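# Tertiary structure, described
Below are the chains, spelled out letter by letter.
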Amino acid sequence: MAKTPSPCISVCKFRREGHCIGCSMTKAQKSMFKALKKPAHQSAFVTMLMAQQAVMGKFSHWQRAYEKKCAKKGASFPPQAG
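Fair warning: this is a prediction, and the values are worked out from it, not measured in the lab. (Residues numbered from 1 in each chain as written. Predicted model: local features only at pLDDT ≥ 70, side-chain atom pairs only at ≥ 80, totals over all residues. Heavy atoms only, no water.)

## As for the environment of lysine 34
Residue placement: lysine 34 occurs in helix H1 (residues 27-35). What makes lysine 34 exposed here is its relative accessible area of 65%. Taking C-alpha positions, lysine 34 is 11 Å from phenylalanine 45, a pair spaced 11 residues apart along the chain. (Helix = DSSP H or I, 4+ residues; strand = E, 2+ residues; numbered from the N terminus. Buried < 20%, exposed > 50% of the residue type's maximum accessible area, 1.4 Å probe, protein only.)

## Here we look at helix H3 (residues 60-73)
The end-to-end C-alpha distance of H3, which contains 14 residues, comes to 21 Å, matching closely the 20 Å that a straight helix rising 1.5 Å per residue would cover. Among the residues of H3, those classed as buried are Trp62, Tyr66 and Cys70. With its buried residues spanning 65 degrees around the axis, H3 presents them on a single face. For H3, the exposed residues set more than 90 degrees away from the buried face come down to Ser60, Arg64, Lys68, Ala71 and Lys72. Taken together, the buried residues of H3 touch helix H2 (39-56). Within two residues after H3, glycine 74 carries a phi angle of roughly 75 degrees, on the positive side. (Expected span 1.5 Å × (residues − 1). Arc of directions from axis to C-beta. Contact = heavy atoms within 4.5 Å.)

## Some remarks on the side chain of lysine 30
Within the secondary structure, lysine 30 is located in helix H1. Despite its burial, lysine 30 pairs with no opposite charge, the nearest such side chain being glutamate 17 at 17 Å. Discounting chain neighbours no more than four positions away, the residues touching lysine 30 are Cys8, Cys12, Phe14, Cys20, Cys23 and Met25. (Lys, Arg positive; Asp, Glu negative; His and termini not counted. Salt bridge = Lys/Arg side-chain N within 4 Å of Asp/Glu carboxyl O.)

## Thoughts on the nonpolar core
If you look at the biggest cluster of nonpolar residues, it comprises 14 residues, and the most contacted ones within it are Cys23, Met25, Phe33, Phe45, Val46, Trp62 and Tyr66. Broken down by secondary-structure element, the contributors of at least two residues to this core are H2 and H3. For valine 46, the contacting residues outside a window of four places in its chain are Thr4, Pro7, Phe33, Trp62, Tyr66 and Pro79. (Core = buried A, V, L, I, M, F, W, Y, C linked by side-chain atoms within 4.5 Å.)

This is how it looks when you write it as structure tokens:
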């Protein structure tokens, strides 16, 4: 199974109360994802992020971009715990 790619979709503009307008992560969350080594933890992080986006709203563009990124890297969407 391929490694879970970062949820970042290379927009990186922090406006919505410190959340990126591209992926909804804060700078701390971006650092946290980079520190996760286990596939199960990375997958759980992406699941949490999707829930965060659902609560915040206006992130429907992210899923299409992330699905494309996953396909390019040979990973599944939604990410599967390893």
